[in-house]
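# Understanding the architecture of this molecule
Spelled out, the chains give:
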Amino acid sequence: MPASHIRHWRALTLAASTLLIALTVPTATAATSATSADPTATAAVTTYDDTYYANAIGKSGSALKSSLHTIISSQTKISYDAVWNALKVTDQDPSNSSNVILLYSGKSRSKSLNGGDSGDWNREHVWAKSHGDFGTATGPGTDLHHLRPEDVAVNGIRGNLDFDNGGSAVTNGGGSLVDSNSFEPRDAVKGDVARMILYMAVRYEGGDGFADLEPDDVVNNGSNPYIGRLSVLKQWNDEDPPDAFEENRNQVIYATYQHNRNPFVDHPEWVESIY
Ligand SMILES: [Ca+2]
Ligand SMILES: [Ca+2]
Ligand SMILES: [Ca+2]
């Protein structure tokens, strides 16, 4: 091989080694962070078990419910007006910090489009506020754990319907369905809805001057402090376990706003234990 070719070959080899290093370093970094991400998440849950949930761990059924009620009732409450800005943080689009993700429709929409006009998003009460008639006074009506941004029109279609499977497609509803007496959210948030409803049931037990909220297994609950259907919500909790978005909003509510957690996001298996 002529010397010039050898030099060329060495240059290529060197370039290849450099390239290999360049490729290896980010890959190793990515692998390290990916590996450490899971143990960190697990450790975080373990930390809360030893601290926040310490009095609940080891309990089941009504004893667990009672213990969790006491734990999560220690909270900071915010005004209905403050909910707007809080939702811009708790429900921020992970890939666009100028937007929020709308619960049922799944759309990403500008944070600045909060309001009551067509094309705006507003404050959806997943536990419909007429069920127990708690309105928007500071309390269940301003509890971020069940308040989510939603398109004004889609929010209107959900109205105060109970949750159940079935119906026809909701316009701009992201796959959500509706019929005369119930609403079915899109698949990706079915579990979120179940865990929000059951949080409300455990948090509100008739104290605070508000009704004792509970799930039941029927639709057409009207203004009774019940929301159905429990059997379907339990199924949705199984089918759609908590993801990073739901876990993040639970953490943000805990760390920044209310200083209480949704136990069912941390421990979805507690749904079965209590209900
Ligand atoms: Ca129905
Ligand atoms: Ca989900
Ligand atoms: Ca209750």
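Okay, so let's go over this structure. These numbers were taken from a predicted model, which means no experiment stands behind them.

Cut-off values and rules
Residues numbered from 1 in each chain as written. Chains lettered and ligands numbered in written order. Predicted model: local features only at pLDDT ≥ 70, side-chain atom pairs only at ≥ 80, totals over all residues. Heavy atoms only, no water. Donors = N, O, S within 2.8 Å, 3.2 Å for Na, K, Ca; no water. Buried < 20%, exposed > 50% of the residue type's maximum accessible area, 1.4 Å probe, protein only. Phe/Tyr/Trp six-rings, centres within 6.5 Å; stacked < 30°, edge-to-face > 60°. Helix = DSSP H or I, 4+ residues; strand = E, 2+ residues; numbered from the N terminus. Lys NZ or Arg CZ within 6 Å of the ring centre and 35° of its normal. Axes fitted to C-alpha atoms, helices over the stretch in contact; angles between N-to-C directions. Parallel < 35°, antiparallel > 145°, perpendicular 65-115°, else oblique. Contact = heavy atoms within 4.5 Å.

### Re the coordination of the calcium ion (ligand 2)
Coordination of the calcium ion (ligand 2) by the protein is provided by Ala188 (O), Asp192 (OD), Asp240 (OD) and Asp240 (OD), with metal-donor distances spanning 2.3 to 2.6 Å. The sequence pattern formed by the donor residues of the calcium ion (ligand 2) is A-x3-D-x47-D. We classify Ala188 as partly exposed; its relative accessible area is 42%. Assessed through its relative accessible area of 4%, Asp192 is described here as buried.

### As for the packing of aromatic side chains
Enumeration according to the criterion identifies seven aromatic pairs in this entry. On the numbers, 5.0 Å between centres and 80° between planes, the contact of Tyr52 with Tyr53 is edge-to-face. Classification of Tyr52 by relative accessible area gives buried; the value is 15%. Summarising the aromatic geometry, the rings of Tyr52 and Tyr254 are spaced 5.4 Å apart at their centres and angled 75° between planes, so their arrangement reads as edge-to-face. Taken as a pair, Tyr52 in the loop between α1 (3–50) and α2 (61–73) and Tyr254 in helix α7 (residues 244–257) lie far apart in primary sequence, 202 residues in all. Three or more aromatic residues joined by ring pairs form one cluster here, namely Tyr48, Tyr52, Tyr53, Tyr254 and Trp270. Lying across the ring of Tyr48, Arg261 places its NZ or CZ 3.8 Å from the centre. We note Arg261 situated over the ring of Tyr254; from NZ or CZ to the ring centre the distance is 4.8 Å.

### A look at the packing of α2 against helix α5 (residues 190–203)
Contact geometry for α2 and α5: axes closest at 8 Å, N-to-C directions at 90°. By the criterion of interaxial angle, the relationship of α2 to α5 is roughly perpendicular. Along the contact surface, α2 presents Lys65, Leu68, His69, Ile72 and Ser73, while α5 presents Tyr199, Ala201, Val202 and Arg203.

### Regarding the environment of Val218
Examined against the element boundaries, Val218 turns out to sit in the loop between β10 (214–215) and β11 (226–227). Given a relative accessible area of 43%, Val218 falls into the partly exposed group. When sequence neighbours within four positions are dropped, the list of residues in contact with Val218 reads Asp162, Gly228 and Arg229.

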